[in-house]
Every structure is written in structure tokens, then in C-alpha cells.
2 protein chains.
Amino acid sequence: MMQIPLSVGSMMEHAEQFFPKKEVISQTHDKLHRLNYGEIGQRTRRLMSILNEMGIRQGNRVGTLAWNHHRHLEIYFAAPGMGAVLHTINIRLSPEDIIYIINHAEDKILFIDEDILPLIEHIHTHLTTVEAFVVMTDKADLPESSIQPLYSYEELISTGDPLYAFAANIDENQPAGMCYTSATTGKPKGVIYTHRGIVLHSFALGLADTAAISESDVSMPVVPQFHVNAWGTPFACTWFGSTQVMPGPRFTPKRLAEFIERFKVTITAGVPTIWLGLLRELEQGNYDTSSLRAVLCGGSAAPIGLIRAFEEKHNIPFYHAYGATETTPLATISRLKSYQQTITQEEKFEERARQGILVPGLQMKVISDQGEVEWNGKDMGELLLRGPWIANEYYKDERSNDAFKDGWFHTGDVVTVDEEGTIKIVDRTKDLIKSGGEWISSVELENAIMAYEPVFEACVVAIPDDKWQERPIACVVLHEGFEGKVKKEDILAFLAAQFPKWWLPDDVLYFDEIPKSSVGKFLKRELREQVRERFSIQE
Amino acid sequence: MMQIPLSVGSMMEHAEQFFPKKEVISQTHDKLHRLNYGEIGQRTRRLMSILNEMGIRQGNRVGTLAWNHHRHLEIYFAAPGMGAVLHTINIRLSPEDIIYIINHAEDKILFIDEDILPLIEHIHTHLTTVEAFVVMTDKADLPESSIQPLYSYEELISTGDPLYAFAANIDENQPAGMCYTSATTGKPKGVIYTHRGIVLHSFALGLADTAAISESDVSMPVVPQFHVNAWGTPFACTWFGSTQVMPGPRFTPKRLAEFIERFKVTITAGVPTIWLGLLRELEQGNYDTSSLRAVLCGGSAAPIGLIRAFEEKHNIPFYHAYGATETTPLATISRLKSYQQTITQEEKFEERARQGILVPGLQMKVISDQGEVEWNGKDMGELLLRGPWIANEYYKDERSNDAFKDGWFHTGDVVTVDEEGTIKIVDRTKDLIKSGGEWISSVELENAIMAYEPVFEACVVAIPDDKWQERPIACVVLHEGFEGKVKKEDILAFLAAQFPKWWLPDDVLYFDEIPKSSVGKFLKRELREQVRERFSIQE
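Residues numbered from 1 in each chain as written. Chains lettered and ligands numbered in written order. Predicted model: local features only at pLDDT ≥ 70, side-chain atom pairs only at ≥ 80, totals over all residues. Heavy atoms only, no water.

Looking up chain A in an unreviewed UniProt entry gives the name Long-chain-fatty-acid--CoA ligase, with the organism given as Ornithinibacillus bavariensis. Word for word, the UniProt comment on chain A under Sequence similarities (unreviewed entry) is "Belongs to the ATP-dependent AMP-binding enzyme family." (UniProt positions renumbered as here; feature names shortened; annotations may be inferred.)

What follows is the structure in C-alpha cells.
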């Protein structure tokens, strides 16, 4: 067979050749843009020629601090397309972390959304490697700024070469992208994505039994482009010629609902928090969501009540998926097998609340202290993953040794696996509650509590206990109007029917809000500190 | 990213882990077998251990002369799974060609169906490298034979190790399979398939916009397993957990129709001749074919009447695909784009009669003497292909230089490409008719003639002409009952409305049968000789 490298640039070339009329619909601060892949391809080529003129070479990191829009998509292809590295930076991190990330990755150029310019004004004197800043805006004039040199994206590419070629000498194992993931302790950790990893992951997203991304799709990723490449959907959707809808800066649930109706979105992807918000919007407004064939949900486990609401109330198919920054990210997806179609509706929801089976191309095993666990739906162990789109290290980081051992990525997620090979996340290894020598899953308790009507969100953390080592405490946010009307005993009684007595939380604390990470996950470490403060427990 | 090789063995491991209950339904000479992937996996492992005991090592060629059945499927995974090479041999070739192929590939062991044993009896003294022969049969005793040593497949694997591991040290660029393709002149030419090529091609078969092979499918490849790995479907279907139905030795259209109804087949693949036969059967019998979601047709261009009959009369979606032994084979597939759904029914059939757009992962260009042709649906040129599942040479064969030039595979197929990037095969480079300095497409004339009700098959070839250089002659087989009732003038009048006058054949000759190759394609070279004899033309 021919030795043709798998490359990100060739995916855009395919879109230019076979889907030039298909559109990218992109909301920026100022307006809604509609560009087709013919135009996006030319703009990508112009951008490559400008990057080349500005001295960007193979392997150089090209940083972005940006929302989901078409210019961000163009950098997705231009940077790797010329052999450089797309480095998406999480705009919701602290200024300190952002400084660390940019310096650690040695970004040579930064592409910034206009509303992020004040942040960069604030930190730019700490950046040690950046040689140029480019603002992405529709406005003719750039804002006043102390940053130098500062360019306008549109002005730059207007002089670029629309026929500039994608680099022909790509090694498929060279870096195409990178993304930093928050760590429980210490600075964020960098993950490198190779051309090979991104192309194989895109194939996986197009499979009929995974996300089945197709030319006929209208895809609106709500997951940010600064977070694991928006789960890889911009790459796959471009390759397969889907229409893409990019909801832009600071979107609201209302904008998402409106865009779904207006652009007949067929597939969307995001974290449970987003879907809780959208659900509330759908219940208030009167939206036509009949075009939606799939809501993909990942990042953290979705409560069964959320899945049920989407499927039963709104007739929107809801798919749980699982992955991590280190896994590009798609690793498992929940779909019923053909012979499971005859199970009851309730059993289907139970199955849908699991994270699904492994995507073709990857390998998994689940280990406890006793070795590989049995696939019986009960035994818990840590999930280990292996495959061509799984990271093998953190970029220049000694913590690599903890997570990458014996050729496997140790996910830190505790799962059960049933006879069908379906995994269910029961906890993070460090959030499992060890009580009387047994494990209690904080996630299972949370999901059960969130199924209780008056509860909006629930998070369960451990407090130290002299007798039992650790005991669970439930932290609960109630729906509006229920404050002061729900007793601790009500919640415990609701749980008593589903769990052994020793699993029941020792206390229920009410909160206005559960602290969350920049990507919408519960910040259990922070919550644990708040709980310990309330109980006056010393660390 | 981890350096994990793409390997054929890992596809079977995935099926064992995630689809152990799903079945392979296999018709042999004696009975219908039903085995699940748990069992198929164990039998594959037993076979690997036996091959190892028999001295088969990495890189050794394992030959098969067999129909479509589960034992053949097991060898598909066992040979590459242990690092050896699956070499499927076309049982319909001449004994001389089969001897050449086995000796040229240096097969070390041969797996033979029981009805093929007489052929091997006839030729085995000419085989220079084969050390052992294995007969695949359900019978307890082997037939009397002069071949030595001769083993029984079931007896051998009964002592094998069901836990034997797939080779861990696979290089994804090492050969996994090989297949010889007939040449217009000279001996058949060998094509090597690598692990990488087969896995990437399997990904391509699973994409929502190509064959969309899924766990929920019941797949019955009619294309033989000895022909380009049954178009790769046994690999993809196993990986994705589809139920597989293998119609076994010397099947009839009746058996195909019965199996479709009985096993609720959802997808099937084969050449136009097979579908012409099935169509006749469907029109005679009363079969329920409502389970079929896709009939894939390749190998040669299907006449529009055939497509129309499947879709309009039987409501069976019919997809044209294109490829070659050198392309693993899937290169293009015909699917309407989302914005083409509004065209008229007639336009859809026109579109469906084209071979479709390029599968993601490949590159194409179309060249004539003037360079790359315009994508206007009219200009003709030779199709060139490039990509990780396109061959880069013929195995130990000097003819490689003709077909593989400048990094492209020169298909020898003449196509037009329209604005959508959809190709249409208009001829083989060597079958194009050059008349008065212009090209006439023999295939377009054939398809037009076959759309004429009384015509069953039509083939158009050139005869030399002093004035025009070449002129077309139509060779026609009429449907039963029409013999002697259709005049040359009727056919030419039917064509006159569709083509310029100078395209019309100079004569129409009637035949009982058009000579066909072992895989059902018109043998134009042989037909051309017969035509020249009738006209007493000297070569």
C-alpha cells in the first residue's frame, strides 16, 4: 500500500473538493456569518501563507484564546495544515494558569477574540515567547492597546495567498494540536494531538455506531473549541461535509434553542450543565427541536432524569459518551445493541445512563487491587485505555509517570463493566468514599439525589470519620421555589429504597451553587473544603 | 499519542469482547452453521496455534481456495492475526493461472473447499512451495486422495489452543493479505494488503456516508471471499459486530432471495450480473425483502434499468460503488448529497447510475492528454487514485511501472466528473473507441442499449475502420422470447434519440451469451476476437 500520511490538511482539501457549497454558520460578537467550505478553504490557505510570512515554521505553536466561530475553525486547519501546532487555550482558566500554559507551550503567536483582549492586556508582559498578537474581530479598527505587535485577522488574511498549498511533507506522527487539562494539584498538564490521532479519531466519529457524523448533518458543538478541540467535531464535520453552526461568544441557552430551531440542527455536543440549562429553556419557550437526531453528552455523567426529560418530554435522542483530554476525546459511546431493542423503556434509560461500549480502534481494561475486574456490572475498578488516539505523556511534565504506565493511560475514573462490555463511571479514583473498608460511589449517590424532583444539582463528598475512615455528605442545590421546603429526612428516605443503609449520607447541606470547573464539572476539591469548613474540620 | 499499530487481529478481539453473542450464519456443502463471535474468536485462536505448530511464521503466505463461509472467515483473521499473510485465490481461474499464482506467491499451506479438491488433485504436482493441504469439510472422513500431506480443518483445530494470543509485534505496514487480479495480457498480478490498509478501509466502510456498516446490520456479501476480500466486508462486519450471512458454495439466485427473507438481511454486495439474476428471481417468487437497507453494486457499471427495477419495483435502495483489486477496493460510492434530495426522481436515477464521490481518506485526479480535466460532467480522462489503502505496486512484477507512476495508481478507467465531484465510469482506457479523432464510450452505449426492454445484455466493441480508425459494433443478448423479433434498426432507432449520429454502432450482432470473466465482468478482449472472426478481420 502507498505510504500516504494521515494529515489534517487533507481533510480540508476533501471538503473544498467535494463539499464547496456546504456552509459554516458562525456567530461572532457583531454578526452572523455564512461561509461555505470553498471560502473557508481559501481563507485557511490565505492564513497559512501569512503565518509562513510571519515566520511560523513546522512544529511552532500557534495559540488561540477564542470562542466557537469560523475564524477559530480556519486556524484549526491552517496551523496543522502548514505543519505548525494548533494550541487551544481554555479562556476560563485563571490568568496565572494562562500565563503558565502559553509560556510552557512556547506559543509563538496568539489569536485572540476581541473580548479576551483585556485579559491579554493584563498578562502580556509575562509572556516570554509570543512574538505577535492577532485580534479576531469584524470591526474595521482595532481597539487601542499597549500590546505590540497587534494585528487584525481580516486585514492580515486579505493579503494572503488563496492558493497556498497544505504542507506535503507531513509526518503523521508529528504534533498537529495541543490542549492543557486542569490538574487536581499543580499546574495544568499539556496533551499533544498528532495528525494520525486526529484523523483516526475523525474516522471514529463518522462510524454509523458512534456519532455517525454525515454530510446531511447540521452540527452545533456547544462544547468549546478551546476544550479538547470541541471533542474533535470541527475536524470530522469539515471532512464529511456537514453544515456547522458555531454559537460564538458567551452564548445563552436561549441562543442555543433558537439556533437549533432556525438552522435545523441535527447533532449537538456538550456537558450535562449545558443540557440542564437548555432543558429549562425548552420548558419555558416553544421551540421546534424536531430536527435533532442526537444530543451527545460527556464531560461528566448525566443524571438519568436529564436523559429521561430529553427523550420523553422532547423526543430528543440523548447519547452518553465518555472521554478525556488525554483521549482526543471519544473513548466510549452509549448505544443500544440491536438485540437490546426489546428491553423495557425503563431498562433502556438505565442503559442510556451508562457510558457505553468502547469505540472501535481502542483497547480497554479495568483493574482493581486484585487485578482485572469481572464484567458483571458490579465490580469496580479503574479504567485503563490504549490506542492510537490516546496520549502517551503530558508535554514536558514529570507527572506523566503517574498517568501513563505499562503502555496504558490510567484514566483515574472508576467504572463497572457489564456483560455487554458497557462501562458505567461510578467515580473518580480520588472521589470514591472509603467507608468501613468498602467503597461508596459518590456519583451514584449524586445521580440518585438528582432524580428527586425538588433537587436541581447534587454533589457528594467525603468527610473524615474516626470509626469508618470516611463518610459521605450530600451537598444539594434545590430548584427555585423549593428552598426551605425540603428536609434532610425527605432526601434520605428517597435514597433509602435504592441503597444499603451504610451508603446513605450522614448529612445533607444546602448550597446556592456547586462550585464548577471552567468546563462545567463539579469542583469536588473546592466543595470538600467548604464542607469541612462548615463542619470545622481541620485538614 | 501512543504508537499502537493498526492490526487485523485487534478487530477480532473487539468482536470477541463486545459482540460475543452476535452470529455468523454460514452455509457449507452439508449444512447451515450458526456460530457466534465468541466461538469464531476461539476457533480463530485455535487455528493460529495450529498454523504456528505447522511451521507458519510471520510473512508466510497462507493460501485459500474457498467459497464464502465461516471457516474462510476464520482464516481471514488467523493468518494476519499471527503475522502471516492471507492469500485468497480465485477458484474460477484456469488451472494454469492457479498454478502460477500459488507458486508466485510461494504459498506454504493451502486451505481448500471439498469441491475444489479435484482441481488440486489435478495440479498439485506442479506446486513448488506448498508443504501442506487442509480440506474444509463437515464430513468426518476425508476423501481418498493422492495429495500429501492432507489434513481435515476441523480435526486440526480441535487440538488447537482456544486462548492463543494474536501476535503483539505487528508492524502495521506489514502484509496482512494478498489477492491476484486478472490482466488483459499475461499472468495475473498480485496485490498486497497491509494491516494498516485493511483497518483504514474498514473504518471507511463504517462511515455513515459510505456503507455505514453497523452492529445492527445483517450483512450478506455475495461478492466472493476470494475476490478482493469480499470487498473488505468480512473485516468491517466482524469489527463492528454485524451479523454475517455467508451463502456458501455454488449459491443460486433462489438461495440468495431465500436467505434475504429468512435472515432479514439488511445489506448485501455484489456485481451487476448477480443483481440481474436476483431481480429475475424476485420477479418469479414472492419474497419479503423489506429488511434490505442497501444493495451495494460494483465490479462494473450497473445499467440504469437495473437500479430503477430495484428501487421502483422492489423498494430496495441500490448504491453504486467503485473500486479495484488495487484499491482494497472501496474508492467511491454514490449517495445523494443533502441538497440533492429535491431533484426529480429521474435525476436521482441519473445520479445513482454514476459511481459517486471519493471516500474520505483518498485523493483523486482525472487526466487526459491535456492535463487535469475540468469537473463539468463531460470531459473524459483517466482516473488516478492515491491513499493509504491504494496499492503501490504489483507483487514482484515488472508491470508495476505501467500502473503505478508519479505516486498515483493509474486505474485504466476513463471517467467524467461533474461539479459535485461525482465520477462516472465511461470506459476502460483500452475499450474506448477512437472514431474520427474523437472518443466514443462503449459503456455509455451498452447502458443505453440495455435500457431497451427486449435486451438482456449488451456489450460494445471496436472494429478497425480504414476511414475512421475504429467503429463501434453492438453485441446483444435478448431476453427469452424476443429472439428473432428485434431488428438492428429498432435498436439503432432507440439509440438515435440519445447520441450523436457518429456514435451509433455500425452493426448489431446477436449472441446467446457474452463471454465473462471469473468475477462476472464482460471479457471484451474475447468478444472482440469473436466479432472480428464474424467479420473475417485479421488481427
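**Q** Could you give an account of the overall build of chain A, with specific residues and numbers?
**A** Counting secondary structure elements, chain A contains 17 helices and 27 strands. Against the compact-globule benchmark of 24 Å for 539 residues, chain A has a radius of gyration of 23 Å, which places it among compact chains. For chain A, the proportion of its 539 residues judged to be buried stands at 63%. Look at the contacts in chain A between residues 6 or more apart in sequence, and 68% of them connect residues 24 or more apart. With an accessible surface of roughly 20,500 Å², chain A has 47% of that area assigned to carbon and sulfur atoms. Charged side chains in chain A number 53 positive and 75 negative. The centres of these two groups are separated by 2 Å. (Helix = DSSP H or I, 4+ residues; strand = E, 2+ residues; numbered from the N terminus. Rg over C-alpha atoms; globule rule 2.2 N^0.38 Å. Buried < 20%, exposed > 50% of the residue type's maximum accessible area, 1.4 Å probe, protein only. Contact = heavy atoms within 4.5 Å. Areas by Shrake-Rupley, 256 points an atom, 1.4 Å probe, with all protein chains shown as cover. Lys, Arg positive; Asp, Glu negative; His and termini not counted. Charge placed at Lys NZ, Arg CZ, Asp CG, Glu CD.)

**Q** Which residues make up unusual backbone geometry, and what values go with them?
**A** Backbone torsion omega between Gln148 of chain A and Pro149 of chain A reads -15°, so that peptide bond is classified as cis. Relative to the helices and strands, Pro149 of chain A resides in the loop between β6 (132-136) and β7 (150-152). At Thr328 of chain B, a residue that is not glycine, the phi angle is positive and equals roughly 75°. Along the polypeptide, Thr328 of chain B turns up in the loop between β14 (318-323) and β15 (330-333).

**Q** Explain the domain arrangement of chain A to me, and be specific about the residues and the numbers.
**A** All names here are of chain A. Domain annotation for chain A reports domain 1 (8-251), domain 2 (358-428) and domain 3 (433-534). A straight line from the C-alpha centre of domain 1 to that of domain 2 covers 30 Å. With 23 residues of domain 1 at the interface, the matching set in domain 2 holds eleven residues. Seen at the junction of domain 1 and domain 2, the total is one salt bridge. Between Glu106 and Lys396 there is a salt bridge whose closest N-O contact spans 3.3 Å. (Domains from an automatic or database assignment. Salt bridge = Lys/Arg side-chain N within 4 Å of Asp/Glu carboxyl O.)

**Q** Quick rundown of the interface of chain B and chain A? Include the residues and the values.
**A** If you look at the interface, chain B gives 60 residues, while chain A gives 60 residues. Taken together, both faces of the contact between chain B and chain A bury some 4,700 Å²; the carbon and sulfur share is 62%. Contact with chain A buries area across many residues of chain B, yet Met1, Met2 and Phe18 of chain B alone supply 20% of it, more than any other trio. Scanning the region where chain B abuts chain A turns up four salt bridges. Of the charged contacts, one joins Glu172 of chain A and Arg196 of chain B as a salt bridge, the two residues approaching to 2.7 Å between their closest N and O atoms. At the junction of chain B and chain A, the tally comes to 22 residue pairs in polar contact (both at pLDDT 80 or more). (Buried area = accessible area lost by both parts, 1.4 Å probe. Polar contact = N/O pair within 3.5 Å; in protein donor to acceptor, adjacent residues only side chain to side chain.)

**Q** Tell me about the relation of the copies chain B and chain A, and please be specific about residues and values.
**A** Relating one copy of the chain to the other takes a rotation about an axis and a shift parallel to that axis. Mapping chain B onto chain A leaves a residual RMSD of 0.1 Å; the transformation is a rotation of 180° accompanied by 0.0 Å of translation along its axis. When the rotation and shift are considered jointly, the pair of chain copies conforms to a two-fold rotation axis. Looking at chain B, 100% of its interface residues are interface residues in chain A too, so the copies touch through the same face. (Least-squares fit on C-alpha atoms with pLDDT ≥ 70 in both.)

**Q** So what's going on with the nonpolar core? Residues and values would help.
**A** By size, the foremost hydrophobic cluster in this structure holds 186 residues, and its most contacted members are Phe111, Phe203 and Met364 of chain A together with Phe111, Phe203 and Met364 of chain B. Other than its neighbours up to four places away in sequence, Phe111 of chain A contacts Leu47, Leu51, Val62, Gly63, Thr64, Leu65, Ile75, Val134, Met136 and Tyr153 of chain A. (Core = buried A, V, L, I, M, F, W, Y, C linked by side-chain atoms within 4.5 Å.)

**Q** Got a sec to walk through the pattern of salt bridges? Specific residues and values, please.
**A** Under the definition given, this model contains 58 salt bridges over all chains. In the salt-bridge network here, residues are joined through shared partners; they are Arg43, Arg71, Glu74, Asp138 and Glu154 of chain A.

**Q** Any chance you could break down the sheet that holds β15 of chain B for me, citing the residues and the numbers?
**A** Residue and element names in this part refer to chain B. Ordered in space as β2-β1-β11-β10-β12-β13-β14-β15-β16, the nine strands form an open sheet in which the pairing is mixed. Strands at the two margins of the open sheet, each flanked by one partner only, are β2 (32-36) and β16 (357-358). The strands touched by helix α12 (residues 304-314) are β13 (294-297) and β14; relative to β14, the strand with the most contacts, the crossing angle is about 140°. (Pairing = 2+ DSSP bridges. Axes fitted to C-alpha atoms, helices over the stretch in contact; angles between N-to-C directions.)

**Q** Please give an account of the confidence of the model for chain A that cites residues and values.
**A** Atom-level detail of predicted coordinates should not be read off regions where pLDDT is low. With 99% of its residues at a pLDDT of at least 70, chain A reaches an overall mean of 94. Per the prediction output, this complex has pTM 0.91; the corresponding ipTM is 0.91. (pLDDT = per-residue confidence, 0-100.)

**Q** Give me the lowdown on the UniProt feature "domain: AMP-binding enzyme C-terminal" (unreviewed entry) in chain A, citing residues and values where you can.
**A** Per the UniProt record, the feature "domain: AMP-binding enzyme C-terminal" (unreviewed entry) sits at residues 444-521 of chain A. A distance of 16 Å separates the end C-alpha atoms of residues 444-521 of chain A, which is 21% helix and 32% strand.

**Q** Any details on the packing of helix α7 (residues 195-206) of chain A against helix α9 (residues 233-240) of chain A? Residues and values, ideally.
**A** All names here are of chain A. Packing of α7 against α9 leaves a shortest axis separation of 9 Å and a crossing angle of 70°. In terms of axis orientation, α7 runs roughly perpendicular to α9. Within the contact between the two elements, α7 uses Ile198, Val199, Ser202, Phe203, Leu205 and Gly206 and α9 uses Thr233, Phe235, Ala236, Trp239 and Phe240. Residue classes in the contact of α7 with α9 are distributed as eight nonpolar, three polar and no charged. (Parallel < 35°, antiparallel > 145°, perpendicular 65-115°, else oblique. Nonpolar A, V, L, I, M, F, W, Y, C, P; charged D, E, K, R; others polar.)

**Q** Which residues make up the packing of aromatic side chains, and what values do they have?
**A** Geometry of an aromatic ring pair is reported as the spacing of the ring centres plus the angle between the planes. Counting across every chain of the model gives 33 aromatic pairs over all chains. Look at Trp275 of chain A and Phe310 of chain A: their rings are 6.3 Å apart centre to centre, the planes differ by 85°, and that puts the pair in the edge-to-face class. With Trp275 of chain A in helix α11 (residues 272-284) and Phe310 of chain A in helix α12 (residues 304-313), this residue pair connects regions lying 35 residues apart in the sequence. Of the two residues examined, Trp275 of chain A and Phe310 of chain A, each falls in the buried class. Here Phe310 of chain A and Phe318 of chain A contribute two aromatic rings whose centre-to-centre distance is 5.2 Å and whose plane-to-plane angle is 40°, an arrangement assigned as tilted. Accessibility assignment for this pair places Phe310 of chain A and Phe318 of chain A in one class, buried. If you follow Arg335 of chain A out to its NZ or CZ, it ends over the ring of Tyr319 of chain A, 4.8 Å from the centre. A cation over a ring is seen here: Arg534 of chain B above Phe511 of chain B, with NZ or CZ 4.0 Å from the ring centre. (Phe/Tyr/Trp six-rings, centres within 6.5 Å; stacked < 30°, edge-to-face > 60°. Lys NZ or Arg CZ within 6 Å of the ring centre and 35° of its normal.)

**Q** I'd love a proper account of the environment of Tyr76 of chain A, names of residues and values included.
**A** Residue and element names in this part refer to chain A. Structurally, the position occupied by Tyr76 is in helix α3 (residues 70-81). When the C-alpha atoms of Tyr76 and Asn229 are compared, they prove to be 8.4 Å apart, with 153 residues separating the residues in sequence. Ignoring anything within four residues of it in the chain, the contact list for Tyr76 reads Val8, Leu86, Thr88, Gln225, Asn229, Ala230, Pro234 and Phe235.

**Q** Hey, could you go over empty space enclosed by the protein for me, with residue numbers and the actual values?
**A** Residue and element names in this part refer to chain A. In this structure the tally under the stated criterion is five cavities of 30 Å³ or more. Of the voids in this model, the largest cavity is the one considered here, and its volume is about 50 Å³. Taken together, Thr28, His29, Asp30, His69, Arg71, Asp113, Glu114, Met136, Thr137, Asp138 and Pro249 form the lining of the largest cavity. When the residues that make up the lining of the largest cavity are grouped by side-chain class, the tally is two nonpolar, four polar and five charged. (1 Å grid on protein atoms, 1.4 Å probe; cavity = no way out; pocket = protein on both sides within 12 Å on 5 of 7 lines; lining within 4 Å. Points joined across faces, edges and corners; volume = space filled by probe spheres on them.)

**Q** Provide a residue-level description of the pairing of strand β17 (residues 363-368) of chain A, including the pertinent values.
**A** Residues and elements named next belong to chain A. Taking every second residue as pointing to the same face, the buried face of β17 carries Met364, Val366 and Ser368, while none of Gln363, Lys365 and Ile367 on the other face is buried. Note that β17 and strand β19 (residues 381-386) share five bridges and pair antiparallel. Bridging from a neighbouring strand, Gln363 pairs with Arg386 of β19. When β17 meets strand β18 (residues 371-372), the two strands line up antiparallel, connected through two bridges. Counterpart to Ile367 in the pairing with β18 is Glu372. Taking the residues between adjacent antiparallel strands as the criterion, β17 and β18 are bridged by two residues.

**Q** Could you give an account of the environment of Asp107 of chain A, with specific residues and numbers?
**A** All names here are of chain A. For Asp107, the position within the fold is in strand β5 (residues 107-113). C-alpha separation for the pair Asp107 and Ile260, spaced 153 residues apart in sequence, amounts to 36 Å. Once residues lying within four places of it in the same chain are set aside, the contact partners of Asp107 are Arg61, Gly63, His87, Ile89, Ile102, Thr129 and Val130. Among the polar contacts listed, one links the side chain of Asp107 to the side chain of His87, at a separation of 2.8 Å.

**Q** A description of the sheet that holds strand β7 (residues 150-152) of chain B should follow, citing residues and the corresponding values.
**A** Sheet strands pair by backbone hydrogen bonding; their relative direction is either parallel or antiparallel. All names here are of chain B. Taking strand neighbours across the sheet as the criterion, the seven strands line up as β7-β6-β5-β3-β4-β8-β9 in an open arrangement whose pairing is mixed. Each having just a single partner strand, β7 and β9 (189-194) make up the two edges of the open sheet. Strand-to-strand, the axes of this sheet are offset by a mean angle of 25°, without reference to chain direction. Relative to β9, helix α7 (residues 195-206) is tilted by about 75°, and along the sheet it contacts β8 (175-181) and β9.

**Q** Any chance you could break down the state of the cysteines for me, citing the residues and the numbers?
**A** Residue and element names in this part refer to chain A. A complete count under the given rule lists zero disulfides over all chains for this structure. Cys459 forms no disulfide, and the closest cysteine sulfur to it belongs to Cys475, at a distance of 6.0 Å. Given a relative accessible area of 0%, Cys459 falls into the buried group. (Disulfide = S-S within 2.5 Å.)

**Q** Explain the pairing of strand β12 (residues 267-270) of chain B to me, using residue names and the numbers behind them.
**A** Residue and element names in this part refer to chain B. Here β12 shows a buried face lined by Ile267 and Ala269 and a second buried face lined by Thr268 and Gly270. As paired elements, strand β10 (residues 218-221) and β12 share three bridges and run parallel to each other. Each residue of the ladder has a partner; that of Met220, found in β12, is Thr268. For β12 and β13, the ladder comprises four bridges, and the chain directions are parallel. Across the sheet, the residue bridging to Gly270 is Cys297, located in β13. Regarding topology, helix α11 (residues 272-284) serves as the crossover connection from β12 to the parallel β13, and that connection is right-handed. (Right-handed = clockwise from strand over helix to strand, strands pointing away.)

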